[in-house]
Amino acid sequence: MDSPFLMMNLLSAVYWFDEALQAALKEAGIPNVSRAQSMLIANISAGEHRATRIARNLGVTRQAISLMLSELEARGIVELVPDPADRRARIVRFAEQANDTRRAAAKALQYLEVKLVERIGLPAYHGLRDAMRMDWGDPPRVPPEALEGPEAATAQPSSI
């Protein structure tokens, strides 16, 4: 996609990764994983083990994550175990029988990054990665005056 809005291009990039990840998971014997579930699996593969942080990363509620985790737990993909550092909390990890899923997800994501470097070049990849790792702060409030007038619909950062 070549949208004038960065948000749409970011979504296209997420879908590019997710479609390839879902295909890899299907080949590893994990069919019918929703986009939200594959994004949850990607979080776990990246080392995130707290449901509240996964929810924040995905921009969904803790309840939505709990529902997805219950579905994946019933399928034997993940398990919730007591957190040794906090007895009140539980951590999410791949179930023992899902080690192939974990490996497939991690290898697929690594492979996709290599392919992305081949396609866009190392400098662009590093710039993209570094920009995505930065703390952008809380989402800003868009003031009403920014929504007024015809120039608001067409103004782009490159023209500001």
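If you're wondering where the values come from, they're calculated on a predicted model, not measured in any experiment.

## Brief notes about the environment of Arg133
Logical step 1: Here Arg133 lies in helix H6 (residues 122-133).
Logical step 2: As a C-alpha pair, Arg133 and Ser3 span 130 residues in sequence and 22 Å in three-dimensional space.

## Description of helix H5 (residues 99-120)
Logical step 1: When the terminal C-alpha atoms of H5 are compared, their 32 Å separation across 22 residues agrees well with the 32 Å that a helix rising 1.5 Å per residue should span.
Logical step 2: Contacts from the buried residues of H5 go to helix H1 (6-27), helix H2 (35-45), strand E2 (86-94) and H6.
Logical step 3: Positioned one or two residues after H5, Gly121 has a phi angle of 90°, which is positive.

## Concerning the pairing of E2
Logical step 1: With six bridges connecting them, strand E1 (residues 78-83) and E2 associate as antiparallel partners. Within E2, the residue paired with Leu80 across the bridge is Val92.

## Looking at the side chain of Asp83
Logical step 1: With respect to the helices and strands, the residue Asp83 is situated in strand E1.
Logical step 2: Polar contacts involving the side chain of Asp83 include one to the main-chain amide nitrogen of Ala85, which spans 2.8 Å.
Logical step 3: Not counting the four nearest positions on each side in its chain, Asp83 is found in contact with Arg50, Ala89, Arg90 and Ile91.

## Some remarks on the packing of H5 against H6
Logical step 1: Two elements in contact, H5 and H6, have axes separated by 7 Å at closest approach and are oriented at 125°. The orientation of H5 relative to H6 falls into the category oblique. For the pair H5 and H6, the contacting residues are Glu113, Leu116, Val117 and Ile120 in the first and Leu122, Ala124, Tyr125 and Leu128 in the second.
Logical step 2: Tallied by class, the residues present in the contact of H5 with H6 amount to seven nonpolar, no polar and one charged.

## Description of the packing of aromatic side chains
Logical step 1: One pass over the structure, following the stated rule, counts one aromatic pair.
Logical step 2: With a centroid separation of 4.9 Å and an interplanar angle of 90°, the aromatic rings of Trp16 and Phe17 are classed as edge-to-face.
Logical step 3: On the accessibility criterion, Phe17 (23% relative accessible area) is partly exposed.

About the criteria used
- Residues numbered from 1 in each chain as written.
- Predicted model: local features only at pLDDT ≥ 70, side-chain atom pairs only at ≥ 80, totals over all residues.
- Heavy atoms only, no water.
- Helix = DSSP H or I, 4+ residues; strand = E, 2+ residues; numbered from the N terminus.
- Expected span 1.5 Å × (residues − 1).
- Contact = heavy atoms within 4.5 Å.
- Pairing = 2+ DSSP bridges.
- Polar contact = N/O pair within 3.5 Å; in protein donor to acceptor, adjacent residues only side chain to side chain.
- Axes fitted to C-alpha atoms, helices over the stretch in contact; angles between N-to-C directions.
- Parallel < 35°, antiparallel > 145°, perpendicular 65-115°, else oblique.
- Nonpolar A, V, L, I, M, F, W, Y, C, P; charged D, E, K, R; others polar.
- Phe/Tyr/Trp six-rings, centres within 6.5 Å; stacked < 30°, edge-to-face > 60°.
- Buried < 20%, exposed > 50% of the residue type's maximum accessible area, 1.4 Å probe, protein only.

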